[in-house]
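Close look at the chain arrangement
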Amino acid sequence: MSTLANARDVLLLIARLQRDVTVTDVATELNLPKSSVSRTLSMMAEYGFLERDVMTRAYRPGHVVMEASWQFRAAHSTSSLLEESLAGLVRQSGYTGYINVLDNADALVIHMRTGSRSLQVYTPPGSRAPAWSSAAGRALMAGLKSSELLAILPDHFDDARGHAPRSLSELSTRIEEIKSNGWSLSRGEYISDTAGISAAVVDPATGQGYGFGLAIPRDELNDSLIAQLGMAVRDAASQVGKRVGDPFWLAFKTAD
């Protein structure tokens, strides 16, 4: 593996672990010889990509990385990156796309991009639905800490429609599937003739989560389309998540 590739992997490891790293950390996590790791880290520190704590001897991002990161964040907010990514998904698929945030126990639409394919019912910015009964809402719920999730769990599922979960156990199973797959599916839940495929990205600087994805006429849905759009939405979320440093996407590994 080249020195440049090793340097990339070191920076990704620091982002994933969210802490300073030692030679032993890097050698263990990346399965590299300590001698090679030591040379790489020393070279990265020499050129400003890392700096070394004089007390702990652990490495953290250096001034070159921090300056580049500041420039990137000044020009690209997480929401703007997601809007750009969503525009690509809509253009490629033809389906209408949405970006949502959690507002207490609801998924709130903050951005909509209309696709070329017809959709009978639109939910413009300002529209809301119970988070547990929408693809974007459940994708956002999957990124919450346990205490945050408990605060917005429904008291009952009497209003469940279509493919919506009918119990807390079923909702928990769906959330675990989202954590494993990276994307969420809804079929005729809040709007009976509409399906949704969504993923979520959390801005690590603010803690704000964004659910984004596509709305599809339910009668067009089939297993092949679900798999195709699920992977497309997941990969788009992964790209944005890694760019902004979302810990979930930095650690996420696909099975396919």
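Parameters at a glance
Residues numbered from 1 in each chain as written. Predicted model: local features only at pLDDT ≥ 70, side-chain atom pairs only at ≥ 80, totals over all residues. Heavy atoms only, no water. Helix = DSSP H or I, 4+ residues; strand = E, 2+ residues; numbered from the N terminus. Buried < 20%, exposed > 50% of the residue type's maximum accessible area, 1.4 Å probe, protein only. Contact = heavy atoms within 4.5 Å.

Per an unreviewed UniProt entry, the recorded name for the protein chain is IclR family transcriptional regulator, and the organism is Scandinavium goeteborgense.

1. Notes on the environment of Ala131
Tracing the sequence through the fold places Ala131 in the loop between strand 5 (128–130) and helix 6 (135–141). Judged by relative accessible area, Ala131 falls into the buried class, the value being 1%. Expressed as a C-alpha distance, the spacing of Ala131 and Pro217, which sit 86 residues apart in the sequence, is 20 Å. Dropping the residues within four chain positions of it, Ala131 is found in contact with Leu102, Ala105, Asp106, Ala107, Gly137, Arg138 and Met141.

2. Describing unusual backbone geometry
Here Asn31, not a glycine, exhibits a phi torsion of approximately 55 degrees, which is positive. Checked against the element boundaries, Asn31 lands in the loop between helix 2 (23–30) and helix 3 (34–46). According to the relative accessible area criterion, Asn31 is exposed, its value standing at 70%. Of note, the phi angle at Asn104 is positive, near 60 degrees, even though the residue is not glycine. Position of Asn104 relative to the elements: it lies in the loop between strand 3 (96–103) and strand 4 (106–113).

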